[in-house]
Amino acid sequence: MRDCLQPQTAYIARMSRALTFAASSSIFLLLMACGGPDPASDAAEQTSSPVEAESETSGEEEAPAMRSMAELLRDEPRLSSLAAAVEAAGMTDQLSSEGPYTLFAPSNDAFAALPSAVSLDILSAPENSELLKTIISYHVVPMALQRDDLGAEEQLSTLSGAPLPVTINGSIVAVGNEAATALIVIPNLEVANGVIHIVDSVLLPPAN
């Protein structure tokens, strides 16, 4: 009896292995037909993902905004006296506005060299606010001018209404009139609303 069952047992074992192989093959073919995972595609996606993420991150970065003229005066230690004068004259908002402007900015040393009768302390007194505003306005031109834009013997229109003469001698650029002349010592400080040139003297508008 046992001898009779052995061929049947062997046959059943062979059939079982055949069915298992066929089922595995069918499942594999079904997965491929249904769009199963593609190793090559996954590798490509993994390779490109960091680059795409870096590109997206860098695209979101923004350049820092430029400071306005009033903000540079506030932040620049060499121009702290002018910043105080601009505030006392009530011109901070104007020098923060769109402009554009060119500011011939007297340094702290320039204000310190003023005669005692017209020192910054005296000019900043409330009763002298209009005079101080006229003086500061004489340093401001309502257009953006780089150092190379200034022409010899040119007369610049200022916010005060008085013309500001320009004199050029080689590399030396001077602005002002017979009352006071200033040399540009640091040119072309660019700000969001114009250009600042630091000068070595406080300019005085011509007498009416």
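In the block above lies the structure referred to throughout.
Right, let's walk through the structure included here. Because the structure is a prediction, the values reported are computed rather than measured. (Residues numbered from 1 in each chain as written. Predicted model: local features only at pLDDT ≥ 70, side-chain atom pairs only at ≥ 80, totals over all residues. Heavy atoms only, no water.)

1. Focus: the overall build of the protein chain
How we decide: Secondary structure elements follow DSSP: runs of H or I of four or more residues count as helices, runs of E of two or more count as strands, with numbering from the N terminus. Each residue is placed in one exposure class: buried if its accessible area under a 1.4 Å probe, protein chains only, is under 20% of its type's maximum, exposed if it is over 50%, and partly exposed if it falls in between. Whether two residues touch is decided by their heavy atoms; if any such pair falls within 4.5 Å, the residues are in contact. Reported accessibility uses the Shrake-Rupley method at a 1.4 Å probe radius. Residues are deemed covered only where the shown protein chains occlude them.
Counting its secondary structure elements, the protein chain contains 7 helices and 7 strands. In the protein chain, the succession of α and β elements from N to C terminus is α-α-α-α-β-α-α-α-β-β-β-β-β-β. Relative to its full complement of 208 residues, the protein chain shows a buried share of 31%. At a minimum sequence separation of 6, the contacts of the protein chain that also span at least 24 residues come to 59%. Taken as a whole, the protein chain presents about 13,100 Å² of accessible surface, with 57% of it coming from carbon and sulfur.

2. Quick look at the pattern of salt bridges
The following threshold applies: Salt-bridge detection follows one rule: a side-chain nitrogen of Lys or Arg within 4 Å of a carboxyl oxygen of Asp or Glu.
The tally for this structure, following the rule as stated, stands at 4 salt bridges. The partner of Asp75 in a salt bridge is Arg74, and the shortest N-O contact between them spans 3.0 Å. When its relative accessible area of 59% is taken as the criterion, Arg74 is described as exposed. Among the charged side chains, a salt-bridge network with shared partners connects Arg67, Arg74 and Asp75.

3. Considerations on the pairing of strand S5 (residues 172-176)
Inclusion rule: What makes two strands pair is DSSP finding at least two bridges between them.
Among the 5 residues of S5, 4 are classified as buried, and the element is accordingly described as predominantly covered. For strand S4 (residues 163-169) and S5, the ladder comprises 4 bridges, and the chain directions are antiparallel. Counted as the bridge partner of Asn169 is Ile172 from S5. Looking at chain direction, S5 and strand S6 (residues 181-191) are connected through 3 bridges and run antiparallel. Counterpart to Ala174 in the pairing with S6 is Leu183. Once S5 ends, the chain turns through 4 residues before running back antiparallel as S6.

4. Section: the environment of Thr134
Relative to the helices and strands, Thr134 resides in helix H7 (residues 129-137). Residues Thr134 and Gly161, 27 residues apart in the sequence, show an inter-C-alpha distance of 9.1 Å. Non-local contacts of Thr134, meaning those with residues more than four positions away in its chain, are made with Ser160 and Pro205.

5. Remarks on the sheet that holds S6
Strand order in the open sheet formed by 7 strands is S2-S1-S7-S6-S5-S4-S3, with mixed pairing between adjacent strands. The sheet is open, and its two edges are formed by strand S2 (140-141) and strand S3 (155-157), each paired on a single side. Of the pairings in the sheet, the one linking strand S1 (residues 101-106) to strand S7 (residues 194-199) comprises 6 bridges and is parallel in character. Across the sheet, the residue bridging to Tyr101 is Gly194, located in S7.

6. Let's talk about the side chain of Arg147
Structurally, the position occupied by Arg147 is in the loop between S2 and S3. Among residues more than four places away in sequence, those in contact with Arg147 are Ile168, Gly170, Ser171, Val173, Pro187, Asn188 and His197.

7. Re the pairing of S7
In terms of burial, S7 is a largely internal element, 6 of the 6 residues being buried. Relative to S7, S6 runs antiparallel, the two being bridged by 5 bridges. Following the sheet pairing, Ile186 is matched in S7 by Ile198.

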